[in-house]
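# Residue-level structure breakdown
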Amino acid sequence: MSEIVLELRGITKSFGNFKANDNINITLHKGEILALLGENGAGKTTLMNVLYGLYKPDQGEIYINGQKVNIQSPLDAINAGIGMVHQHFMLIPVFTVTENVMLGNEQVKYLDVLDRADTATRIRKLSDAYKLQINPDALVGDLSVGLQQRIEIIKLLYRDADILIMDEPSAVLTPKEVGELFLTVRSLVEEGKSIIFITHKLREVMEISNRICVIRAGKVVGEALTKDADVNRLAALMVGRPVDMNLTKSPLRAGKKVLEVENVSILGRQQKAEVNRVSFDVREGEIFGIAGVQGNGQTELVRALVGLIHPIEGRIKLLGEDITKASPRRITELGTAHIPEDRQADGLVLQSEVSDNLILNRYYLPPFAKKHLIQTNAINQNAAKLVESYDIRPRNPHVPVAKLSGGNQQKVIIARELSRPIKLVIAAQPTRGLDVGSIEYTQKRLLQLRDEGCAVLLVSTELDEIMQLSDRVGVMYRGSVIAIHNTSEIVKEDVGLLMAGVDLTNPQKVLTSQQLVDKSV
Amino acid sequence: MEKETNSNNIQSIIFLKNKRLGALFIILALVMVVLFTQNLDAITQTTLNLTHASSSIMTNDLVLNSRQTIIVIAVIIGLAGIYQLIIGFRSKFTLVLGIVFLLFTFGFIVWSVSGSSINITGLLSVMVVRSIPLIIGAMAGILSERSGVVNIAIEGMMLSAAFTASVVASLTNLWVGLLVGILTGGLIAWIHATMCVKYKANNVISGTIINLFAIGITSYFSEKYIQSLDYAYLNNPGFFFPFEIPLFSKIPVIGPVFFNQNIFAYLMYILVIVLNFAIFQTKWGLRLRSVGEHPKAADTLGIKVNRTRTRAVILSGLIAGLGGSFFSIGSIGSFNEQMTAGRGFIALAAMIFGKWNPINAAGGGLLFGFAESISLKLAIFDVAIPSKILAMLPYVITIIVLGGVVGRNIGPAAGGQPYETESK
């Protein structure tokens, strides 16, 4: 095996009483892709923030090329040749690509005057060398998430980083973009870079990495070469118990229509029609999946269904009642549960305690409120019960929900939304960013609801999830639902093609806007 | 066929908002035709005098037929309204709004002074004078806000600087007074920076406290000492006189308006140009903007967020100090209680109007300066509108600008948010 470029020895980092990293030892070889696998909250990101100088470790040492280094700040890390692609991009949307890349490491013509042209030329060279297709003059805010990530990579290359840390790089990407990312990652390795790839997605680990290091509860619990690794064992190591990766679905027993959407059109922020004459219905006891690449109108559609925005035309009916212009509260009271796409922005009050977040949809009703007074006892009892039955960790319902891991935040939302009689569940990207254990839990819960006779609308960009869970699937492309099929009657590959706007009857062509209108169902 | 009407339906809703503004233009045009032409006969003339009182160049007077001029202007505004209704100006709307505003004001002037004459050059010259503290204040605001610290304390900084500049200039000379005025602004900004950046106080509260403090302390010393006859020598600084810039001042109309001013105006021109270049073309400016937009991103690239912000706020204070000194030693040659009269806030309105861009904000400053100038000028004519109402004009325009008629202007993303590094 080639030389060791990076070695972490005995890294320990605590936050209060909580040990996020407990005596972690990791080595990285030159030209290697090391997958750091673990659930959310296992301590992967903490470890990398220590390496990048954002956190100061309580104990432990870092060696680069055999030399002990003292990393106090991101600047030290950059100078030591370490670069990081953060999970939440560190890009400034109102800056151009060039400005983002040069920031902190600016080329100047004379005095303090920026040399944008020179930097842009360097960016073009890097972009060509790694086939990244980046236009240095574009505004970052106008670019897709996939392109933004490439800018992050260019930022590291521009600084001549040799050790690249990628924190959950695939979490925000579409399947196609993930494929392109992997190509980039491989070409980086060919150029002699070494990569630490943080993820919780087993499939990706098996596809991209050379070696795997599993972290659970702040400790390294297993290491293996990828070619020797077994998916089920990895999953069990990661979660700490055997995981059932296969979903079993009982036969469909669909009842009457719960949600009816007729010819709904919605205007987006830019005064542009984001949703175009969409019609479908969801029946009792079925899961209706909406597949589509992010940004094809799903977000706006869901917001309209839960009453946050109103369509400019068309009708939405819930259990026969017209809710097109109804308030979110009315829609909730009719028995709708909403698991929002952006759980931190739309699903939780991050600074509030878990117990308060658990009653956000019912706080004004007895037993939580009597007249205008909040009943603390009832709220605490409710919280204690739900924290236990939904396995929300930590068990203390009085911590701010912001302190919880992503999976546990999702459990808080699920607990709140489902612990009352409901007729319809609207689940938008319910497993995004969750770890294996939480995905398993969430998906099983949705199937259980279906079997109990609830109508479930599942909006997801994960094709596998749609195909496994839904009974019927509608594909959204540029604001229109271009096809609805029974999941049993269409293959996954065809749904993937539809997501890209390919006309299945004439696969050479991508649907034009006019055809979209004609095709809308 | 049905599908076409559907897409038209969407289109019509999109333009509902624009229609309201188009209708506003048309109403404006009708108001002009109905009100402004009422008491005018066909031969009344308005004379526009283009020669500056203290200038050596003579320019011919412009004589207009009042009624025809007003009708022509009304027709232009009306057509703009119709265009907005049917097609829409889209992104150019702010510019069109500005032009319509100027046209309407011009029509208003023509009506007000019909049968008489008005010195346009004088009017514009006063506009520049009046816009000096507004534009300098807006530059101070831009510097601070671009770094992510909201600075509503500009009013207080300017008021304090006006006071110290006046007192020190009375004791020594104008230049020392100016220097002390600038430093006063910097000192107060240092307090603001300490509170907002180091102690992570709410920016608006810190600014409000500074403003209240500045009013209190200057009013106290003013009333107790410098307004009393015993200490009158403390409030007699004199002021900087206007001087002509060779060549430039010979340009017709523009010359006497812009290049026959005092040192404050010239410093203002330089400041606007330098700041505009520095913010957008230099390393310093790039880093300044980065900490105001996304401090964490800047931090991960090794930029010292809090140090950058502190320096920006102090520099902002120095500039506000310059603007404040204008009130006493650049204008009337004495300090009066609360003499800034909310212009620090109007400066912020100019900043927002200009979308945190120095050149555009200077345009906003000129607009407000023009409003002040016109309300002063028309007060001496026999206009049907009481002068007190005219004096409200700058503030009314501020409300309109901030009320979002110009469209919602979005400032630096991290404005007003203290930055805390990760728990280490």
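## Quick word on the overall build of chain B
On a plain count of helices and strands, chain B comes out with 17 helices and 5 strands. Over its C-alpha trace chain B gives a radius of gyration of 24 Å, about what one expects of a compact globule, namely 22 Å for 424 residues. If one aligns the C-alpha atoms of chain B with their principal axes, the spans along those axes are about 70 × 70 × 40 Å. Across the 424 residues of chain B, 52% fall into the buried class. The long-range fraction of contacts in chain B, counting pairs at least 24 apart against all pairs at least 6 apart in sequence, stands at 76%. Accessible area for chain B stands at about 19,400 Å²; split by element, carbon and sulfur atoms hold 67% of it. In chain B, the 27 positive side-chain charges and the 16 negative ones have mean positions that sit 10 Å from each other.

## Points about the overall build of chain A
Assigned secondary structure in chain A consists of 18 helices and 22 strands. At 25 Å, chain A has a C-alpha radius of gyration in line with the 24 Å of a compact globule built from 521 residues. For chain A, the spread of C-alpha atoms along the principal axes amounts to about 70 × 55 × 50 Å. Residue burial in chain A is summarised as follows: out of 521 residues, 56% are buried. Of all intrachain contacts in chain A linking residues separated by at least 6 positions in sequence, the fraction that spans at least 24 positions is 66%.

## Examining the interface of chain B and chain A
Each side of the interface is counted separately: chain B has 30 residues, and chain A has 42 residues. Taken over both partners, the interface formed by chain B and chain A buries close to 3,100 Å², and the fraction arising from carbon and sulfur atoms is 61%. The partner of R287 of chain B in a salt bridge is E106 of chain A, and the shortest N-O contact between them spans 2.8 Å. Put simply, the parts of the chain that give the side of chain B that touches chain A at least two residues each are α1 (2–14), α10 (263–281), α11 (283–293) and α12 (295–300) of chain B. Taken together, the residues that form the side of chain B that touches chain A break down as 10 nonpolar, 9 polar and 11 charged.

## Description of the confidence of the model for chain A
Keep in mind that low pLDDT regions are not for reading the predicted coordinates in detail. Summary statistics for chain A give a mean pLDDT of 88 and a share of 96% for residues scoring 70 or more. Highest mean pLDDT in chain A belongs to helix α3 (residues 97–102) of chain A (96); lowest belongs to helix α18 (residues 513–519) of chain A (55).

## Overview of the packing of aromatic side chains
Overall, the coordinates contain 23 aromatic pairs over all chains when judged by the stated rule. Here the aromatic rings of Y225 of chain B and Y231 of chain B are separated by 5.3 Å at their centres, their planes lie at 85 degrees, and the arrangement is edge-to-face. Judged by relative accessible area, which is 30%, Y225 of chain B ranks as partly exposed. Between F326 of chain B and F327 of chain B, the aromatic rings sit 6.1 Å apart at their centres with planes inclined by 70 degrees, giving edge-to-face as the arrangement. With a relative accessible area of 4%, F326 of chain B lands in the buried category. On the basis of relative accessibility, which here comes to 7%, the residue F327 of chain B falls in the buried class. Among the aromatic residues, those joined into a ring-pair cluster are F163, Y220, F221, Y225, Y231 and F335 of chain B. For the cation-ring pair, R9 of chain A lies above Y63 of chain A, with the distance from its terminal atom to the ring centre recorded as 4.0 Å.

## Notes on the pairing of strand β8 (residues 194–199) of chain A
Residue and element names in this part refer to chain A. Summarising burial for β8: 6 of the 6 residues are buried, a large majority. Side chains of β8 alternate between two faces, with S194, I196 and I198 and I195, F197 and T199 buried alike. Pairing of strand β3 (residues 33–37) with β8 involves 5 bridges; the strand directions are parallel. When the sheet's bridge partners are listed, I33 is paired in β8 with I195. When strand β7 (residues 163–167) meets β8, the two strands line up parallel, connected through 5 bridges. Residue pairing for β8: M166 is matched across the bridge by F197.

## Some words on the domain arrangement of chain B
Residues and elements named next belong to chain B. Segmentation of chain B into domains returns domain 1 (2–115) and domain 2 (121–386). The gap between the C-alpha centroids of domain 1 and domain 2 is 32 Å. Taken over both partners, the interface formed by domain 1 and domain 2 buries close to 1,400 Å², and the fraction arising from carbon and sulfur atoms is 74%. At the surface where domain 1 touches domain 2, the tally comes to 0 salt bridges.

## Considerations on the nonpolar core
Considering soluble globular proteins, one finds that nonpolar side chains tend to be buried as a cluster. Counting 101 residues, the largest nonpolar core has F25, M32, I77, M139, F264 and I329 of chain B as its most contacted members. Looking at this core element by element, the count peaks at 13 residues for helix α5 (residues 120–146) of chain B. A domain-level breakdown of this core finds at least three residues from each of domain 1 (2–115) and domain 2 (121–386) of chain B. Beyond its immediate chain neighbours, meaning those up to four positions away, M139 of chain B contacts L271, V272, L275, I319, P358, A361 and A362 of chain B. If you look at the next biggest cluster of nonpolar residues, it comprises 45 residues, including M102, L143, L157 and I195 of chain A.

## Considering the packing of α5 of chain B against α10 of chain B
Residues and elements named next belong to chain B. Between α5 and α10, the shortest axis-to-axis distance is 10 Å and the interhelical angle comes to 25 degrees. The orientation of α5 with respect to α10, classified from their angle, is roughly parallel. The handedness of the crossing between α5 and α10 is left-handed. Together, V128, S131, I132, I135, I136, M139, I142, L143 and R146 of α5 and F264, A265, M268, Y269, L271, V272, L275, I279 and F280 of α10 make up the contact between the two elements.

## Here we look at the environment of A214 of chain B
Residue and element names in this part refer to chain B. Looking at the secondary structure, you find A214 in helix α8 (residues 203–226). As a C-alpha pair, A214 and A153 span 61 residues in sequence and 9.2 Å in three-dimensional space. The residues touching A214, leaving out its near neighbours within four places in the chain, are G156, L159 and S160.

## Points about the packing of helix α7 (residues 174–198) of chain B against helix α13 (residues 305–332) of chain B
Residue and element names in this part refer to chain B. Packing of α7 against α13 brings their axes to within 6 Å, and their N-to-C directions diverge by 145 degrees. The way α7 lies across α13 gives a crossing that is right-handed. Looking at the contact of α7 with α13, its residues break down into 13 nonpolar, 10 polar and 1 charged.

## Focus: the environment of D112 of chain A
Structurally, D112 of chain A can be placed in the loop between α3 and α4 (116–129). The exposure class of D112 of chain A is partly exposed, given its relative accessible area of 28%. In the structure, D112 of chain A is positioned 115 residues away from K227 of chain A in sequence and 52 Å away in space, judged by C-alpha atoms. If near-sequence neighbours (up to four positions away) are discounted, D112 of chain A is found in contact with Q281, T282, K283 and W284 of chain B. Within the local environment of D112 of chain A, its side chain forms a polar contact with the backbone nitrogen of W284 of chain B, the two atoms lying 3.0 Å apart.

Parameters and conventions
- Residues numbered from 1 in each chain as written.
- Chains lettered and ligands numbered in written order.
- Predicted model: local features only at pLDDT ≥ 70, side-chain atom pairs only at ≥ 80, totals over all residues.
- Heavy atoms only, no water.
- Helix = DSSP H or I, 4+ residues; strand = E, 2+ residues; numbered from the N terminus.
- Rg over C-alpha atoms; globule rule 2.2 N^0.38 Å.
- Buried < 20%, exposed > 50% of the residue type's maximum accessible area, 1.4 Å probe, protein only.
- Contact = heavy atoms within 4.5 Å.
- Areas by Shrake-Rupley, 256 points an atom, 1.4 Å probe, with all protein chains shown as cover.
- Lys, Arg positive; Asp, Glu negative; His and termini not counted.
- Charge placed at Lys NZ, Arg CZ, Asp CG, Glu CD.
- Buried area = accessible area lost by both parts, 1.4 Å probe.
- Salt bridge = Lys/Arg side-chain N within 4 Å of Asp/Glu carboxyl O.
- Nonpolar A, V, L, I, M, F, W, Y, C, P; charged D, E, K, R; others polar.
- pLDDT = per-residue confidence, 0-100.
- Phe/Tyr/Trp six-rings, centres within 6.5 Å; stacked < 30°, edge-to-face > 60°.
- Lys NZ or Arg CZ within 6 Å of the ring centre and 35° of its normal.
- Pairing = 2+ DSSP bridges.
- Domains from an automatic or database assignment.
- Core = buried A, V, L, I, M, F, W, Y, C linked by side-chain atoms within 4.5 Å.
- Axes fitted to C-alpha atoms, helices over the stretch in contact; angles between N-to-C directions.
- Parallel < 35°, antiparallel > 145°, perpendicular 65-115°, else oblique.
- Left-handed = near helix turned anticlockwise from the far one by under 90°.
- Polar contact = N/O pair within 3.5 Å; in protein donor to acceptor, adjacent residues only side chain to side chain.

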